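Remarks on the overall topology
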Amino acid sequence: MPNSTEKAAKIENSHENQKIGLSDVKKSLSYIVRATETSQQRWVLRAIRNTTKIRRNISPKELKDAFLIYVKGSSPILPHIFAAIDQMPEVEEEDSMEVENPVEGTDKVIAREKWEEKAYMAVPEIEAYLCLLFLAKVINLKMIEIAVETSTMISAQVIGFNRRSLDYLKSKIIFYQSLAYEKAGRIVELRRPLTALHRTCCLRHDEIGQVTVFNLLVRSLLNQNLIEQAHKFASKTNFPEGCSNNQYCRYLYYTGKICALQLDYSDAYTKLTQCARKAPQNTALSFRIVCQKLIIIVQLLLGEVPERIVFNLNGMKKALFPYLCLTHAVRLGDLVRFSDTVQKYAGDFQADKTFTLIQRLAHNVIKAGLRKVNIAYSCISIADICEKVKLDSLKGAEFVCAKAINDGVIDASIDHSSGNPCLKSREQGDLYATDEPQKAFHRRITFCLDIHNEAVRAMRYPEDAYKRDLENAHRKGLQDDKTEEELAKEIEEEMDEEDEL
């Protein structure tokens, strides 16, 4: 049994958390009212950022009271939401006995604030935000079936409004609906409604809704291994550039994965590296790990070896260890070691859904082995190559060498004149005598210019700042004019005085 001090501390903690939950809900709702009043979406984003914190601290009773206070009783979804809230696990009795009722509490809790007087302007927005908070809470408690049913009704009601102030809230609700369907294993049922919603968002010029639904559709197609359909959908859809950074990161990841599966490794590597740079560096660790795994595989498929520092990034060392072993096998060109590594970590690769791409690396392992042999020997027989690279037959080894020469992997030729076919290496030329350094510098300069242009486009300026600058310039111009007039008058007065003299 805990002593009285521990019990008091526990009750005080619970009371503090409930106060935080209520105050944060009111604060977020004030942001939403302000966004509706000023038509500035940044206030809605600020309210959405508090969702995770509120979801953890708010109790089911407080959530129900928030609906009772701020949502009209005529809303058709309220009975379903209240029924779901009643099924949520309650706090312990010893804690709840010491906590004040948020509705019947002190005047400080129920006192109306300034923003509440303007709440009538944002009735759909306030209801949508509380529904968003409810969905986040239900999914966090793993009440998936209830989340599927209620999210369908909530999204149907929210989609009916065509208000710009609802765009971000609507997209977040659709995201949670898709998450609930995916956890329930019913994401296929949502594909047709999402396609119709994407068309609606395009017609309404709802950019955040458009990009959110696009990413959800591509994700569902990739989860079902419908690569061709995902590629067609992505190639025939215009993705707005001015969308949120998080959605753009998801877009780069999904399109990069599609390009990798479609054998377009260069484009895939460009998009995935850009995604890794744009992803949040202090959060979203799981997303950055998944992205980094795909980057490593694509880089190996391109014939490059990732740097060692990539595998030692904070929080990623353990997750990337199987890929480090894979990289060692590819770098050494050891086919036996590669096969053992793939067999050992097959479960991890299949869980990461990278096993298909890793199976393609067998050809790269052979190419890496041939490249090492080509650099080490000026002339070597095909039989020795077959032994060193661990190939099955002489004919297969000769065919692999011929294909590597044709693909430009090695600079050599196969000589049959001696009766025993051998691989003769050509002399390596000076790389700096070619235009490769110029191309490398061009790529770096282009990358830096793109970053500069994106930074300029992402800059935010104070509202009506240009008007203030114009007013200041106008005042300065008037002062300059007055100064010139005063100077002219002084000159005239001096000339009059000289005439008098």
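Residues numbered from 1 in each chain as written. Predicted model: local features only at pLDDT ≥ 70, side-chain atom pairs only at ≥ 80, totals over all residues. Heavy atoms only, no water.

So, on to the side chain of S220. By the secondary structure assignment, S220 is in helix α13 (residues 207-223). Every residue in contact with S220, bar those within four places of it in the chain, is listed here: I187 and R191. (Helix = DSSP H or I, 4+ residues; strand = E, 2+ residues; numbered from the N terminus. Contact = heavy atoms within 4.5 Å.)

Time to look at the nonpolar core. In this structure, F338, I358 and I385 are the most contacted members of the largest nonpolar core, which totals 69 residues. The residues contacting I385, other than those within four sequence positions of it, are L370, V373, I380, K390, C401 and L423. Core analysis: the next-biggest nonpolar cluster, separate from the first, contains 58 residues, I48, A128, L130 and I174 among them. (Core = buried A, V, L, I, M, F, W, Y, C linked by side-chain atoms within 4.5 Å. Buried < 20%, exposed > 50% of the residue type's maximum accessible area, 1.4 Å probe, protein only.)

With that settled, consider the sheet that holds strand β2 (residues 412-415). Overall, antiparallel pairing links the three strands, which are arranged β1-β3-β2 in an open sheet. This sheet does not close on itself; its edge strands, each paired only once, are β1 (379-381) and β2. Strand after strand, the sheet turns through a mean of 25 degrees between neighbouring axes, direction not considered. Where β1 and strand β3 (residues 422-425) come together, three bridges link them in antiparallel fashion. (Pairing = 2+ DSSP bridges. Axes fitted to C-alpha atoms, helices over the stretch in contact; angles between N-to-C directions.)

Summed over all chains, the structure comprises 14 aromatic pairs. Ring geometry for F175 versus Y176: centroids 5.6 Å apart, planes at 70 degrees, classification edge-to-face. Judged by its relative accessible area of 25%, F175 is partly exposed. With a centroid separation of 5.2 Å and 70 degrees between ring planes, the pair formed by Y323 and F349 is classed as edge-to-face. One end of the pair, Y323, is in helix α18 (residues 321-332); the other, F349, is in helix α20 (residues 346-351), and 26 residues separate them in sequence. What makes Y323 buried here is its relative accessible area of 1%. (Phe/Tyr/Trp six-rings, centres within 6.5 Å; stacked < 30°, edge-to-face > 60°.)

Relative to β3, β2 is paired through four bridges, and the arrangement is antiparallel. Opposite S413, over in β3, you have K424 as the bridge partner. Counted along the chain from β2 to the antiparallel partner β3, the turn is six residues long, and its residue G419 has a positive phi close to 90 degrees.

In this section: the packing of helix α17 (residues 285-301) against α18. Between α17 and α18, the shortest axis-to-axis distance is 11 Å and the interhelical angle comes to 5 degrees. Put simply, α17 runs roughly parallel to α18. Mapping the contact onto sequence places K293, I296, I297 and L300 in α17 and Y323, T327 and V330 in α18. (Parallel < 35°, antiparallel > 145°, perpendicular 65-115°, else oblique.)

All right, on to a nonpolar patch on the surface then. Together, F441, I445 and L449 make up a nonpolar patch on the protein surface, roughly 320 Å² of accessible area in all. With respect to the helices and strands, the residue F441 is situated in helix α25 (residues 436-458). Classification of F441 by relative accessible area gives exposed; the value is 52%. (Patch = residues over 30% accessible without salt bridge, like charges linked within 9 Å, V, L, I, M, F, W, Y side chains within 5 Å. Areas by Shrake-Rupley, 256 points an atom, 1.4 Å probe, with all protein chains shown as cover. Salt bridge = Lys/Arg side-chain N within 4 Å of Asp/Glu carboxyl O.)

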